[in-house]
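Now for the letters of each chain:
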Amino acid sequence: MSPNRQTDLAPAPRRDLPQDEVDRPLSAFARDYAEGEGVPRHAHDRAQLLWATRGTMRIATDAAGFVVPPGHALWMPAREPHRVETEGGVAMRALFLRADAAAAGPGEATVLAVSPLLRELILAACAEPLEWDLAGRGGHLAALILDEIARAPALPFRVPEPRDPRLKRLAAALRQDPASARRLEDWAAQAGASPRTLERLFVAETGMGFARWRQTLRLAEAASRLASGETPARAAAAVGYASAPAFGAAFRAAFGITPGAAARR
């Protein structure tokens, strides 16, 4: 499903923060979240770059879910409704970008790789006052940050979210247990719909069939586990891959690197 497709959900309430109002191209926000703490569905008037020095964020828009492990960030366009869940205790360090500065980022919610330079720039921006000196250190930091955001590689951590209630229940169950080996026929019996109907709905609402959607979910979960320190073998088993070569091939096809290389990063 396209991120721009209309949904039946009511507009998300605004979560007002001074970072949404300050007259600067960008402003920084720092907050630590306890294990399991989250933020309900809301929206901001400015685009955000959501990044954490530790912990994993699970961020859901109306169109997709994103697993954001340490070392990665999520670009969130302005006024995009989203909710945030945390795992492992999250130290969030986020940026809010005014409309002119937001042109540096993608046009839709996207997981980005964070370079060592961008990491240090975000931390430095968090130490600046909200109304930093446009001609001083803050201005130089902002210019470099925008350049690094524009250069940051996008990663396929996006898992489209179906809208049909039967598919939403199926998707929620697989997010809880991505290693589940249940076939679409098994889910169909539980959902009260034929496998053909469920497959057709998956394609119509997510742009991919059930098997590809489940593989996308599994690989996103595996990448998060690797970034959090799990070995490739453990990450593969946790998401349902019994064969290491099959996991390695699928991971390389999705991310362009081996699971071992991802773990070392």
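Just so we're clear, the structure is a prediction, and the values are computed from it rather than from any experiment.

Conventions we followed
Residues numbered from 1 in each chain as written. Predicted model: local features only at pLDDT ≥ 70, side-chain atom pairs only at ≥ 80, totals over all residues. Heavy atoms only, no water. Helix = DSSP H or I, 4+ residues; strand = E, 2+ residues; numbered from the N terminus. Buried < 20%, exposed > 50% of the residue type's maximum accessible area, 1.4 Å probe, protein only. Contact = heavy atoms within 4.5 Å. Areas by Shrake-Rupley, 256 points an atom, 1.4 Å probe, with all protein chains shown as cover. Lys, Arg positive; Asp, Glu negative; His and termini not counted. Charge placed at Lys NZ, Arg CZ, Asp CG, Glu CD. Pairing = 2+ DSSP bridges. Axes fitted to C-alpha atoms, helices over the stretch in contact; angles between N-to-C directions. Phe/Tyr/Trp six-rings, centres within 6.5 Å; stacked < 30°, edge-to-face > 60°. Lys NZ or Arg CZ within 6 Å of the ring centre and 35° of its normal. Arc of directions from axis to C-beta.

### Side note on the overall build of the protein
- Check the secondary structure of the protein and you find nine helices and 11 strands.
- Dimensions of the protein along its principal axes, counting C-alpha atoms only, are 65 × 40 × 30 Å.
- Split into buried and exposed, the 265 residues of the protein put 49% on the buried side.
- Within the protein, residue pairs in contact and separated by at least 24 positions form 74% of the contacts whose partners lie at least 6 positions apart.
- For the protein, the accessible surface area stands at approximately 12400 Å², while carbon and sulfur atoms represent 52% of it.
- If the 34 positive side-chain charges of the protein are averaged to one point and the 30 negative ones to another, these points end up 7 Å apart.

### A short note on the sheet that holds strand β5 (residues 64-68)
- Strands sit in the order β2-β7-β4-β5-β11 across an open sheet of five strands; the sheet is antiparallel. Each of the sheet's edge strands pairs with one partner strand only, and the pair in question is β2 (38-42) and β11 (158-160). Each neighbouring strand pair of the sheet contributes to a mean axis angle of 15 degrees, computed without reference to strand direction.
- Pairing between β5 and β11: three bridges, direction antiparallel. In the strand pairing of β11, glycine 65 is matched with valine 159.
- Contacts between helix α6 (residues 210-227) and the sheet are confined to β4 (56-61), β5 and β11, with β11 contributing the most and set at about 150 degrees to the helix.

### Structural notes on the sheet that holds strand β6 (residues 72-76)
- Pairing in this open sheet of six strands is antiparallel, and the strands run β1-β8-β3-β6-β9-β10 from one edge to the other. With one partner strand each, in any of the chains shown, β1 (26-33) and β10 (154-155) form the two edges of the open sheet.
- Here eight bridges tie β1 to strand β8 (residues 90-97), and the two strands are oriented antiparallel to one another. Looking across to β8, one finds that phenylalanine 29 is bridged to alanine 94.

### Some thoughts on the packing of aromatic side chains
- Per the counting criterion, the structure on display carries seven aromatic pairs.
- Ring centres 5.2 Å apart and planes at 75 degrees place the aromatic pair phenylalanine 157 and phenylalanine 255 in the edge-to-face group. With phenylalanine 157 in the loop between β10 and β11 and phenylalanine 255 in helix α8 (residues 244-255), this pair connects stretches of sequence that are 98 residues apart. Taken individually, phenylalanine 157 and phenylalanine 255 each receive the classification buried, so the pair is uniform in this respect.
- Just above the ring of tryptophan 187 sits the side chain of arginine 182; from NZ or CZ to the centre is 4.2 Å.

### A short note on helix α4 (residues 184-191)
- Burial in α4 covers these residues: Leu184, Trp187 and Ala188. Buried residues along α4 cover an arc of 105 degrees about the axis, so they all sit on one side. Counted as exposed and oriented over 90 degrees from the buried face of α4: Ala189 and Gln190.
- Structurally, α4 contributes buried residues whose contacts are with α3 (165-176), α5 (195-206) and α6.
- Where α4 ends, the next residue or the one after it, glycine 192, has phi of about 75 degrees, a positive value.

### So, the environment of alanine 261
- Along the chain, alanine 261 falls in helix α9 (residues 259-264).
- A residue is classified by how much of its surface remains accessible, and alanine 261, at 18% relative accessible area, is buried.

### Quick notes on the pairing of strand β9 (residues 110-113)
- Pairing analysis gives four bridges linking β6 to β9, with the strands arranged antiparallel. Residue tryptophan 75 lies in a different strand from β9, and its bridge partner there is threonine 110.
- Sheet topology note: the β9/β10 ladder contains two bridges and is antiparallel. Paired with leucine 112 across the two strands is alanine 154, which belongs to β10.

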